[in-house]
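Spelled out from the first residue to the last, the chains are:
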Amino acid sequence: MNRYILPLSVLGTAVGGAVLLKDYVVGGACPSKATIPGKTVVVTGANTGIGKQTALELAKRGGNIILACRDMEKCEAAAKDIRRETLNHHVNARHLDLASLKSIREFARKITEEEEHVHILINNAAVMRCPHWTTEDGFEMQLGVNYLGHFLLTHLLLDKLKASAPSRIINLSSLAHVAGHIDFEDLNWEKRKYDTKAAYCQSKLALVLFTKELSRRLQGTGVTVNALHPGVARTELGRHTGMHSSAFSSFMLGPVFWMLVKSPQLAAQPSTYLAVAEELEGVSGKYFDGLKERAPAPEAEDEEVAQRLWAESARLVGLEISSGASEKGQPLRK
């Protein structure tokens with residue numbers, strides 16, 4: 001019997017060490033215990049993955065949660081799950097298709113008319129490395145859904161966010177933004193051979209640039225905006241990557257993925273943290289890698305690129321917006 005004690009002890013130590021290392025690598029739980037009773041939260045892409053788990057976390061903290069999703073059957077099911085698990089009955093499903101400017105405007109109109117406040121907007125929805133698809137309005141799908149759709153949605157809800165201040169906007173970017181580049185000559189991949197990975201990276205870089213420029217314009221309004229990389233998570237987002245398309249790749253990469261990939265619940269912690277943490281009150285224009293503030297890629301800090309992208313984005317989605325000064329008190333004309 002004694003001969004098994006040492007091997008079992010070594011095995012237990014190894015397993016324990018691996019678990020601790022994994023926790024260190026992928027990050028931990030939201031350190032804030034703050035609650036948000038009665039605060040209205042909009043989460044896009046909230047029927048599954050990180051979005052659903054973020055909505056769940058914020059429902060536990062007392063929020064009035066609006067799940068904004070394209071697939072209403074899945075959205076209603078997610079809302080029902082969250083209500084059942086949290087016993088918070090202020091969790092509702094609303095239709096929003098970020099690949100349609102018409103749908104975005106309709107969603108924003110209803111929210112503006114029906115909700116007294118919007119305290120937190122979490123721009124979570126995304127598509128990743130899909131084929132060369134286009135949105136209803138002709139935008140490259142990843143740019144359209146990940147960035148342009150959220151650009152328009154945010155602007156249409158800004159007056160409500162300002163009236164609800166202090167309020168927060170959270171943009172889910174990705175570490176992939178460091179490999180991105182904004183090609184103003186061909187934002188929609190109409191001239192070049194389509195590169196789905198590069199298109200994804202461009203869309204996530206655009207979100208960080210948008211965060212920086214919007215923060216500058218929102219100074220003095222009581223509305224903050226930050227971007228984050230939630231980590232790599234086991235969600236449906238990676239369904240187009242083909243990463244586990246063979247048994248061989250799954251076997252070979254399995255240990256690596258176990259070490260680096262988060263559960264959706266763990267990946268939702270950074271969004272939750274940015275939404276509720278009292279210590280982040282007034283913090284704006286920052287990029288977070290998990291729960292820690294980090295410096296983004298150099299191009300993401302380029303004010304000239306951010307302002308040019310802002311102007312081009314406004315043109316593409318049909319917004320007439322001042323090109324320079326603060327957004328404070330300036331109406332947006334559609």
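Reading the values: the criteria
- Residues numbered from 1 in each chain as written.
- Predicted model: local features only at pLDDT ≥ 70, side-chain atom pairs only at ≥ 80, totals over all residues.
- Heavy atoms only, no water.
- UniProt positions renumbered as here; feature names shortened; annotations may be inferred.
- Axes fitted to C-alpha atoms, helices over the stretch in contact; angles between N-to-C directions.
- Helix = DSSP H or I, 4+ residues; strand = E, 2+ residues; numbered from the N terminus.
- Parallel < 35°, antiparallel > 145°, perpendicular 65-115°, else oblique.
- Left-handed = near helix turned anticlockwise from the far one by under 90°.
- Contact = heavy atoms within 4.5 Å.
- Nonpolar A, V, L, I, M, F, W, Y, C, P; charged D, E, K, R; others polar.
- Phe/Tyr/Trp six-rings, centres within 6.5 Å; stacked < 30°, edge-to-face > 60°.
- Buried < 20%, exposed > 50% of the residue type's maximum accessible area, 1.4 Å probe, protein only.
- Pairing = 2+ DSSP bridges.
- Polar contact = N/O pair within 3.5 Å; in protein donor to acceptor, adjacent residues only side chain to side chain.
- Salt bridge = Lys/Arg side-chain N within 4 Å of Asp/Glu carboxyl O.

An unreviewed UniProt entry annotates the protein chain as NADP-retinol dehydrogenase of Camelus ferus. Under the UniProt heading Catalytic activity (unreviewed entry), the entry covering the protein chain gives this text: "all-trans-retinol + NADP(+) = all-trans-retinal + NADPH + H(+)". You can read under Sequence similarities (unreviewed entry) in the UniProt record for the protein chain the words "Belongs to the short-chain dehydrogenases/reductases (SDR) family."

Caption draft 1: Fine view of the packing of helix α4 (residues 101-114) against helix α5 (residues 141-163). Packing of α4 against α5 brings their axes to within 10 Å, and their N-to-C directions diverge by 20°. Judged by the inter-axis angle, α4 sits roughly parallel to α5. Remark: the crossing between α4 and α5 carries right-handed chirality. Of the residues in α5, those touching α4 at L101, I104, R105, F107, A108, I111 and T112 are G149, L152, L153, L156, L157 and K160. Residues that form the contact of α4 with α5 fall into these classes: 9 nonpolar, 2 polar and 2 charged.

Caption draft 2: The packing of aromatic side chains, seen in detail. Taken as a whole, this structure holds 6 aromatic pairs when the rule is applied. Measuring from ring centre to ring centre gives 6.1 Å for Y147 and F210, while their planes differ by 75°; the resulting arrangement is edge-to-face. In this pair, Y147 sits in helix α5 while F210 sits in helix α6 (residues 196-217), placing the two residues 63 residues apart along the sequence. Overall, the relative accessible area of 1% leaves Y147 in the buried class. Centroid distance F210 to W310: 6.0 Å. Interplanar angle 40°. Geometry classified as tilted. Of this pair, F210 sits in helix α6 while W310 sits in helix α10 (residues 303-317), placing them 100 residues apart in sequence. Each member of the pair, F210 as well as W310, carries the same accessibility label: buried. The structure contains a cluster of three or more aromatic residues connected by ring pairs, namely Y147, F151, F210 and W310.

Caption draft 3: Representation of unusual backbone geometry within the structure. Following A165, the chain continues to P166 via a peptide bond in cis, the omega torsion being 5°. Along the chain, P166 falls in the loop between α5 and β5 (167-172). The phi dihedral of L87 is positive, around 60°, even though this residue is not glycine. As for its position among the elements, L87 is in the loop between α3 (72-86) and β3 (91-95).

Caption draft 4: The sheet that holds strand β4 (residues 120-123), seen in detail. As summarised here, the arrangement of the 8 strands in space is β3-β2-β1-β4-β5-β6-β7-β8, forming an open sheet in which the pairing is mixed. Of all strands in the sheet, those bounded by a partner on one side alone are β3 and β8 (292-294). Averaged over all neighbouring strand pairs, the angle between strand axes comes to 25°, with direction disregarded. Against the sheet, helix α2 (residues 49-60) engages β1 (40-44), β2 (64-69), β3, β4 and β5, with an angle of about 170° to β2.

Caption draft 5: Molecular detail of the packing of α2 against helix α9 (residues 269-276). Contact geometry of α2 with α9 gives a least axis separation of 9 Å together with a crossing angle of 40°. Relative to α9, the element α2 lies oblique. Between α2 and α9 lies a crossing whose hand is right-handed. Contacts from T54, E57 and L58 in α2 reach Q269, S271, T272, A275 and V276 in α9.

Caption draft 6: Main features of the pairing of β4. Across the two faces of β4 the burial is the same, with I120 and I122 and L121 and N123 all buried. In this structure, β1 lies alongside β4, joined through 3 bridges in parallel fashion. Bridge assignment links V41 to a residue of β4, and that residue is I120. Looking at chain direction, β4 and β5 are connected through 4 bridges and run parallel. By the bridge assignment for β5, L121 is matched with I169.

Caption draft 7: Representation of the side chain of S164 within the structure. For S164, the position within the fold is in the loop between α5 and β5. Of the residues examined, S164 reaches a relative accessible area of 5% and is grouped as buried. Side chain to side chain, S164 and H117 meet in a polar contact 3.4 Å long. At a separation of 2.7 Å, a polar atom in the side chain of S164 contacts the main-chain carbonyl oxygen of K160. In contact with S164, not counting residues within four places along its chain, are H117, V118 and H119.

Caption draft 8: Main features of the pattern of salt bridges. Here the structure, examined in full by the defined rule, presents 15 salt bridges. The partner of E114 in a salt bridge is R94, and the shortest N-O contact between them spans 3.3 Å. Here E114 is found in helix α4, whereas its partner R94 is found in strand β3, with 20 residues between them in sequence. For R216, the salt bridge is made with E213, and the minimal N-O distance between the two is 2.5 Å. In this pair, R216 and E213 are both assigned in helix α6, 3 residues apart and thus about one turn of the helix distant. Residue classification places E213 among the buried residues on the basis of a relative accessible area of 3%. Within this structure, E106, R109, K110 and E113 form a network of salt bridges that share partners.

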